[in-house]
Amino acid sequence: MSFQNNIFFQKVRDYSVSKEIFELHHNPEYDLLITFPKPSIEKLPSYYESEDYISHTDGKRTLFERMYHLIKNIALKNKVKLINAQSKKGTLLDIGAGTGDFLVVAKKEGWQTTGIEPSEKAKGIAVNKGVKFAESLSSLENNSFDIITMWHVLEHVPNLEEYIIELKRLLKPTGTIVIAVPNFKSFDAQYYGKFWAAYDVPRHIWHFSKTGIEKLFSEKELRLVEVLPMKFDSFYVSLLSEKYKTGKMNFIKAFFVGLKSNSNGKQTKEYSSHIYVIKNQ
């Protein structure tokens with residue numbers, strides 16, 4: 001897996017934390033975008049140090065945060081329904097567990113749950129909810145999970161190839177990986193361009209297409225079996241994108257752009273975000 005012969009795509013600002021400008025480079029072989037320069041391992045945590053980084057907090061200070069958590073609760077039920085359809089209830093690993101709500105719901109449904117979360121702040125909130133964490137992926141045994149989930153996490157990992165190899169190692173022979181990532185080929189991505197909130201540079205290092213996901217995992221003998229839309233994401237991302245573009249949240253405008261994105265997705269099969277269901281070959 002090599003990412004060479006990349007082509008400049010566009011410049012994008014980090015609107016949420018540093019305000020720095022980064023470049024996106026397109027890799028034609030995998031049809032993905034790569035954030036450049038990629039932050040060093042030492043500096044990367046500083047880009048997450050914001051009270052507004054919503055997945056690391058249970059805050060409901062604003063209308064936007066309250067709406068986020070309302071939609072999140074609906075999404076949690078859908079996520080558990082999805083994993084229930086993939087396997088009999090067994091062992092579940094959620095990488096990037098955040099404040100632990102998905103694992104709380106899954107545990108109530110009968111799953112044996114383990115989380116991985118680098119943010120000590122988010123992990124502390126989750127531990128208080130009864131969530132069990134592993135220290136690292138390397139501390140976990142081979143072939144130990146029926147389901148591995150990464151909800152908007154794969155785009156954050158610095159060492160993509162190493163991570164996919166680890167996923168393969170941890171998965172049972174009959175296991176399933178469920179990955180959700182933004183889709184830079186969606187209507188809302190094209191509409192907002194450099195203001196598209198799901199670029200979220202430099203926290204999002206990789207920006208995937210369906211082609212890229214299928215190729216990356218097939219090289220490690222993992223098979224893409226299903227692609228599902230995340231229809232709520234178009235509204236959430238459009239709302240943030242409006243804020244980045246105009247300086248304010250235009251709820252009505254964002255709603256119609258999100259609606260248009262989902263309508264377009266029905267025709268093109270390119271939604272704002274996708275869920276990829278991946279199995280051992």
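For the structure given in this document, a descriptive report is provided here. (Residues numbered from 1 in each chain as written. Predicted model: local features only at pLDDT ≥ 70, side-chain atom pairs only at ≥ 80, totals over all residues. Heavy atoms only, no water.)

Structural notes on the overall build of the chain
Here's step 1: The secondary structure content of the chain amounts to 8 helices and 10 strands.
Here's step 2: For a compact globule of 281 residues, the expected C-alpha radius of gyration is about 19 Å, and the chain comes in at 18 Å, within 12% of that figure.
Here's step 3: For the chain, buried positions account for 53% of its 281 residues.
Here's step 4: Restricting to contacts in the chain with at least 6 residues of sequence separation, those with at least 24 account for 70%. (Helix = DSSP H or I, 4+ residues; strand = E, 2+ residues; numbered from the N terminus. Rg over C-alpha atoms; globule rule 2.2 N^0.38 Å. Buried < 20%, exposed > 50% of the residue type's maximum accessible area, 1.4 Å probe, protein only. Contact = heavy atoms within 4.5 Å.)

Comments concerning the pattern of salt bridges
Pairing is possible between side chains of opposite charge, provided their charged atoms come close.
Here's step 1: A full pass over the atoms with the stated rule returns 12 salt bridges.
Here's step 2: Notably, a salt bridge pairs Glu 219 with Lys 215, separated by 3.7 Å at the nearest N-O pair.
Here's step 3: Residue classification places Lys 215 among the partly exposed residues on the basis of a relative accessible area of 28%.
Here's step 4: Members of the salt-bridge network, linked through shared partners, are Asp 14, Asp 200 and Arg 203. (Salt bridge = Lys/Arg side-chain N within 4 Å of Asp/Glu carboxyl O.)

A look at the sheet that holds strand β2 (residues 21-27)
Here's step 1: Read across the open sheet, the 4 strands follow the order β1-β2-β3-β8; overall the sheet is antiparallel. Bordering the open sheet on either side are β1 (7-13) and β8 (206-207), each of which pairs with just one other strand. (Pairing = 2+ DSSP bridges.)

Comments concerning the packing of aromatic side chains
Here's step 1: All chains considered together, the criterion is met by 12 aromatic pairs.
Here's step 2: Look at Phe 9 and Phe 184: their rings are 6.4 Å apart centre to centre, the planes differ by 75°, and that puts the pair in the edge-to-face class. You can see Phe 9 sitting in strand β1 and its partner Phe 184 sitting in the loop between β7 (171-182) and α5 (187-192), a full 175 residues away along the chain.
Here's step 3: Classification of Phe 9 by relative accessible area gives partly exposed; the value is 37%.
Here's step 4: Measuring from centroid to centroid gives 4.8 Å for Trp 196 and Tyr 199, while their planes differ by 85°, and the two rings are edge-to-face.
Here's step 5: Looking at Trp 196, the relative accessible area reads 2%, which means it is buried.
Here's step 6: An aromatic cluster of at least three residues, connected via ring pairs, comprises Phe 3, Tyr 30 and Trp 206. (Phe/Tyr/Trp six-rings, centres within 6.5 Å; stacked < 30°, edge-to-face > 60°.)

A look at the packing of helix α7 (residues 231-246) against helix α8 (residues 251-268)
Here's step 1: The contact between α7 and α8 brings their axes to 8 Å, and the two run at 140°. Relative to α8, the element α7 is oriented oblique. Pair α7 / α8 crosses with right-handed handedness. Contacts between α7 and α8 involve Lys 231, Ser 234, Phe 235, Ser 238, Leu 239 and Glu 242 on the former and, on the latter, Phe 251, Lys 253, Ala 254, Phe 255, Val 257, Gly 258, Leu 259, Ser 261 and Asn 262.
Here's step 2: Residue composition of the contact of α7 with α8, grouped by class: 7 nonpolar, 5 polar and 3 charged. (Axes fitted to C-alpha atoms, helices over the stretch in contact; angles between N-to-C directions. Parallel < 35°, antiparallel > 145°, perpendicular 65-115°, else oblique. Left-handed = near helix turned anticlockwise from the far one by under 90°. Nonpolar A, V, L, I, M, F, W, Y, C, P; charged D, E, K, R; others polar.)

A closer look at the sheet that holds β7
Here's step 1: One open sheet holds the 6 strands; their spatial order is β5-β4-β6-β7-β10-β9, and the pairing between them is mixed. Lying at the two open borders of the sheet, with one neighbouring strand each, are β5 (112-116) and β9 (222-229). In this sheet, neighbouring strand axes are inclined to one another by 20° on average, regardless of whether the strands run parallel or antiparallel.
Here's step 2: With 6 bridges joining them, strand β6 (residues 145-151) and β7 adopt parallel strand pairing. Bridging from a neighbouring strand, Trp 151 pairs with Ala 180 of β7.
Here's step 3: In the packing of helix α4 (residues 160-170) onto the sheet, the strands contacted are β4 (91-95), β6, β7, β9 and β10 (273-280), and the crossing angle to β7 comes to about 145°.

A closer look at the nonpolar core
Here's step 1: If you look at the biggest cluster of nonpolar residues, it comprises 34 residues, and the most contacted ones within it are Ile 95, Leu 154 and Phe 217.
Here's step 2: Secondary structure elements with two or more residues in this core: β3 (32-36), β4, β6, α4, β7, α6 (210-218), β9 and β10.
Here's step 3: If one sorts the elements of this core by residue count, α4 sits on top with 5 residues.
Here's step 4: Phe 217 has contacts with Leu 154, Ile 164, Leu 167, Ile 179, Leu 222 and Ile 278, leaving out every residue within four places of it along the chain. (Core = buried A, V, L, I, M, F, W, Y, C linked by side-chain atoms within 4.5 Å.)

Some words on a positive patch on the surface
Here's step 1: Together, Arg 13, Lys 19, Lys 194 and Lys 243 make up a region of like positive charge exposed at the surface.
Here's step 2: Turning to its location among the elements, Arg 13 is positioned in strand β1.
Here's step 3: Here Arg 13 falls in the partly exposed class, since its relative accessible area comes to 35%. (Patch = residues over 30% accessible without salt bridge, like charges linked within 9 Å, V, L, I, M, F, W, Y side chains within 5 Å. Areas by Shrake-Rupley, 256 points an atom, 1.4 Å probe, with all protein chains shown as cover. Lys, Arg positive; Asp, Glu negative; His and termini not counted. Charge placed at Lys NZ, Arg CZ, Asp CG, Glu CD.)

Focus on α6
Here's step 1: Residues Gly 212, Ile 213, Leu 216 and Phe 217 constitute the buried set of α6. Projected down its long axis, α6 shows its buried positions confined to an angular sector of 110°, all on one face.
Here's step 2: Buried residues belonging to α6 abut β3, α4, β7, β9 and β10. (Arc of directions from axis to C-beta.)

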